[in-house]
Amino acid sequence: MLRGLHFDIAHTLSVSVLLFSFALLYQRRIMGVLNAFALQALMVAAAAAWQAYSQEAPHLYATAGIALVLKALVVPIALKRIIMRLGIHRAIETVIEVNGTLLAGVGLVALSILLVFPVAQDSAALTRENLAIALSIVLIGLLMMITRRNAVTQVVGFMSLENGLVLAAVGVQGMPLVVEMSIAFSVLVAFIVFGMFFFRIRERFDTLDLQYLESFRGDRGQDHRP
Amino acid sequence: MIAAAIAVGLQLGQLLLVLLLAPLLTGIVRKLKARMLARKGPPVLQPYRDLAKLLRKEAVVAENASWLFRAAPYLMFALLWLAAALVPTFTTRLPLSAAADLIALVGLLASARFLQALAGVDVGTSFGGIGASREMMIASLAEPAMLMVVFTVALFIHSTSIPAIAEFVLHNDVGLRVSFALGLISLIMVAVAETGRIPVDNPATHLELTMVHEAMVLEYSGRHLALVEAAQMLRIMFYMALIASVFVPWGLAGQGARIEDVGIGVAAFLGKLLAGAVLLAIFEVSIAKMRVFRVSEFLGVALLLGLLATIFLYVSQSA
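Calculation notes
Residues numbered from 1 in each chain as written. Chains lettered and ligands numbered in written order. Predicted model: local features only at pLDDT ≥ 70, side-chain atom pairs only at ≥ 80, totals over all residues. Heavy atoms only, no water. Helix = DSSP H or I, 4+ residues; strand = E, 2+ residues; numbered from the N terminus. Rg over C-alpha atoms; globule rule 2.2 N^0.38 Å. Buried < 20%, exposed > 50% of the residue type's maximum accessible area, 1.4 Å probe, protein only. Contact = heavy atoms within 4.5 Å. Areas by Shrake-Rupley, 256 points an atom, 1.4 Å probe, with all protein chains shown as cover. Lys, Arg positive; Asp, Glu negative; His and termini not counted. Charge placed at Lys NZ, Arg CZ, Asp CG, Glu CD. Salt bridge = Lys/Arg side-chain N within 4 Å of Asp/Glu carboxyl O. Phe/Tyr/Trp six-rings, centres within 6.5 Å; stacked < 30°, edge-to-face > 60°. Lys NZ or Arg CZ within 6 Å of the ring centre and 35° of its normal. Buried area = accessible area lost by both parts, 1.4 Å probe. Nonpolar A, V, L, I, M, F, W, Y, C, P; charged D, E, K, R; others polar. Expected span 1.5 Å × (residues − 1). Bend = angle between axes of the 7 residues up to and from the residue. Polar contact = N/O pair within 3.5 Å; in protein donor to acceptor, adjacent residues only side chain to side chain. pLDDT = per-residue confidence, 0-100. Axes fitted to C-alpha atoms, helices over the stretch in contact; angles between N-to-C directions. Parallel < 35°, antiparallel > 145°, perpendicular 65-115°, else oblique. Left-handed = near helix turned anticlockwise from the far one by under 90°.

Visitor: Honestly, the overall build of chain B in this entry has me stumped. Any pointers?
Guide: A tally of helices and strands in chain B yields 11 helices and zero strands. Starting at the N terminus and ending at the C terminus, chain B contains elements arranged as α-α-α-α-α-α-α-α-α-α-α. At 20 Å, chain B has a C-alpha radius of gyration in line with the 20 Å of a compact globule built from 319 residues. Going through the 319 residues of chain B one by one, you find that 53% of them count as buried. Taking the intrachain contacts of chain B between residues at least 6 apart in sequence as the baseline, contacts between residues at least 24 apart amount to 82%. Carbon and sulfur atoms form 70% of the exposed surface of chain B, whose accessible area is close to 13,600 Å². Taking the 23 positively charged and 19 negatively charged side chains of chain B as two groups, their mean positions are separated by 8 Å.

Below is the structure:
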């Protein structure tokens, strides 16, 4: 019975992380996206803490702490301040309609379940489901990066992708702490780099809409050459 | 003989219970909302007084209204009363339990909605038409989502009968099921859309371009309006009772229940209704109404959650 409850709570927490991935796709305002992202990171922290408790692996508490402090607090607050300072347009422009993206998201969930289940046939049920959910979070993060034009939302998509990776890492028994730490810090570094990029892009183009950058792409810029 | 008399008594009690409590439920939600917005609000019993007043008033019918316009309120009211009375509220041992099938209930609600939309376009005013067309748009999106939830529950329990589902949840250690959690959220979203609450429709407004339900019933007055309003109150009651009996059936008097158990069942049902009213009021004051064209996204999410619930049901079952 206790085993069953452990499983159910872990399962529910990982599915709620997945739900916040969909919430990220559903939002129409940048502030809403950041709030949803903070809540997703909170859920990741809760999932990690629960795994630490149920696997009796104290180092996972460190993962939970990193997720809580860095991704649920520092990154969203910092991104909000950047947006305030830049004073950019706060509505989200989408490449595909919201409903279409959501449907694509469900397709990705089904795809990752179909992918993971045959591969991880021999492992425990919890590991298998966790991997499937983590993979779908990663794929939805990628989907968000593809379908949103604004640079801020692309960064959030990247970070939610990383949330999926952390979720996969805590679900698998015996993942060393070093790996998780390196993932967490590399994301933080990436976030700082992105932050600098925001200012650069903004300075040059007066907008964070990446559409304006596309004319500089190699394959389209051919006719500019002499 | 005595058993049969008790059974019929319970069924009649259930019929009266839902009918008598529905206005009170609406009154409590209105009062709570008003208090949360730092207003005094109308008394809790105000909906009863409104209905009584409307029943005494003369019913004015437009000149070009057909028989359908006059018949629709009675039929709607009857359909919704039946639907609300079929859901097990305090006991699963009712004579009409056999008819309390989820798909049949979806059908009853759809028929009521169909009649309402027809009555809305019958008089030929522009408001009735726009309300009916929006109502149909919402219905066409909400019904698939609701059916997805029904299918999820039916796949898991192998039954669409609500008493059977409630008994199953009561007597088996279901645990914390992700599919059920997703289904619950989806069903709540559908309920919000179908009962015309904020963020889909504003129940407190009468003249606004975004209204849906009020636009359809704008032409009604007197006893017709009373029936339409009562039907709307019964609809809220129906969804609360449905969610309570499928997802939190604890307290329901089940097989071989004694008279004390029925008492406990009624008390538990009242408690669940009060909790539902508080949650609905908090939900409604904390968000704003959305644009009509965003409703499709809102209900798209409900459908998506239903789909995810089904997907994860298969995942957990194969585990």
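Okay, back to it.
Visitor: Would you explain the overall build of chain A in this entry?
Guide: Helix and strand counts for chain A stand at seven helices and zero strands. Secondary structure elements in chain A, listed N-terminal to C-terminal, are α-α-α-α-α-α-α. Across the 226 residues in chain A, those meeting the buried criterion constitute 50%. Intrachain contacts of chain A at a sequence separation of at least 6 include 75% that bridge at least 24 residues. Roughly 11,000 Å² of accessible area belongs to chain A as shown, and the carbon and sulfur atoms make up 66% of that amount.

Visitor: What should I look at first to understand the pattern of salt bridges in this one?
Guide: For side chains of opposite charge, pairing can occur when their charged atoms come near one another. Counted under the stated rule, the structure contains eight salt bridges over all chains. Between R28(A) and E97(A) there is a salt bridge, and its shortest N-O distance comes to 3.9 Å. Here the residue R28(A) occupies a position in the loop between α1 (2–26) and α2 (30–55), and E97(A) occupies one in the loop between α3 (59–86) and α4 (98–119), the gap between them amounting to 69 residues. For R197(B), the salt bridge goes to E284(B), with nearest N and O atoms at 2.9 Å. One end of the pair, R197(B), is in the loop between α7 (178–194) and α8 (213–216); the other, E284(B), is in helix α10 (residues 259–286), with 87 residues separating them in the sequence. If you follow the salt bridges from partner to partner, you end up with R28(A), E97(A), R294(B) and E297(B) in one network.

Visitor: Is there a simple way to explain the packing of aromatic side chains in this structure?
Guide: Each pair of aromatic rings is reported with the distance of its centres and the angle of its planes. Here the structure, examined in full by the defined rule, presents seven aromatic pairs over all chains. Judged by centre distance (4.2 Å) and plane angle (5°), the rings of F69(B) and Y220(B) are stacked. Separated by 151 residues along the polypeptide, F69(B) in helix α3 (residues 67–86) and Y220(B) in the loop between α8 and α9 (222–247) bring together distant segments of the chain. In this structure, F69(B) and Y220(B) share a single accessibility class: buried. Seen in terms of ring centroids, F77(B) and W81(B) are 5.7 Å apart; in terms of plane orientation they differ by 40°. Their pairing is tilted. Separated by four residues within a single helix, F77(B) and W81(B) lie in helix α3, roughly one turn from each other. Among the aromatic side chains, those forming a connected cluster through ring pairs are F156(B), F168(B), F180(B) and F247(B). Sitting above the plane of the Y26(A) ring, R294(B) keeps its charged end 5.0 Å from the centroid.

Visitor: What's the story with the interface of chain B and chain A in this structure? I'm lost.
Guide: It is common to report an interface's size as the accessible area lost on association of the parts. Tallying the contact residues gives 23 residues for chain B and 24 residues for chain A. A buried area of about 2,000 Å², summed over both sides, lies between chain B and chain A, and 73% of it is on carbon and sulfur atoms. For the pair chain B and chain A, the number of links is one salt bridge. Ranked by the residues each element gives to the side of chain B that touches chain A, the list is headed by helix α11 (residues 295–318) of chain B, at 14 residues. Across the side of chain B that touches chain A, the residue classes tally to 15 nonpolar, five polar and three charged.

Visitor: Any chance you could explain helix α1 (residues 2–36) of chain B here in plain terms?
Guide: Residue and element names in this part refer to chain B. Taking 1.5 Å of rise per residue, 35 residues should cover 51 Å, and α1 covers 48 Å from first to last C-alpha, within 8% of that figure. Of all the bends in α1, the greatest, near 30°, is centred on A22, and the proline P23 appears no more than four residues after it. Directly beyond the C-terminal end of α1, a positive phi value near 65° is found at A38.

Visitor: Please explain the side chain of Q11(B) as it appears in this structure.
Guide: All names here are of chain B. Turning to its location among the elements, Q11 is positioned in helix α1. Accessibility expressed as a relative area gives 7% for Q11, which makes it buried. If near-sequence neighbours (up to four positions away) are discounted, Q11 is found in contact with A85, L94, P95 and L96.

Visitor: Just checking my understanding: could you explain the side chain of S221(B) for this structure?
Guide: All names here are of chain B. Within the element layout of this structure, S221 appears in the loop between α8 and α9. In this structure the side chain of S221 is engaged in a polar contact, spanning 2.8 Å, whose partner is the backbone nitrogen of V60. Look past the residues within four positions of S221 in its chain and what remains in contact with it is E58, A59 and V60.

Visitor: What should I look at first to understand the confidence of the model for chain B in this one?
Guide: It should be kept in mind that the predicted coordinates are not to be read in detail where pLDDT is low. Per-residue confidence for chain B gives a mean pLDDT of 89, with 96% of residues at or over 70. The lowest-confidence element of chain B is α11(B), averaging 84 in pLDDT; the highest-confidence one is helix α2 (residues 46–56) of chain B, averaging 95.

Visitor: Explain the packing of α7(B) against α9(B) here, please?
Guide: All names here are of chain B. Two elements in contact, α7 and α9, have axes whose closest approach is 10 Å; the angle formed by their N-to-C orientations is 175°. Compared by their axis directions, α7 and α9 come out roughly antiparallel. Taking contact as the criterion, the partners of F180, G183, L184, L187, I188, V190, A191 and E194 in α7 are, on α9, R235, Y239, L242, I243 and F247. Partitioning the contact of α7 with α9 into residue classes produces 10 nonpolar, one polar and two charged.

Visitor: I keep staring at the packing of helix α5 (residues 126–157) of chain B against helix α6 (residues 162–171) of chain B and nothing clicks. Help me out?
Guide: The axes of two packed helices give the description: the angle between them and the distance between them. All names here are of chain B. Look at α5 against α6: their axes get within 11 Å of each other, and the N-to-C directions meet at 60°. Comparing the axis directions of α5 and α6 gives the class oblique. Crossing of α5 against α6: the hand is left-handed. Here V153, F156 and I157 of α5 lie close against α6, whose contacting residues are I165, F168 and V169. Of the residues that constitute the contact of α5 with α6, the class distribution is six nonpolar, no polar and no charged.

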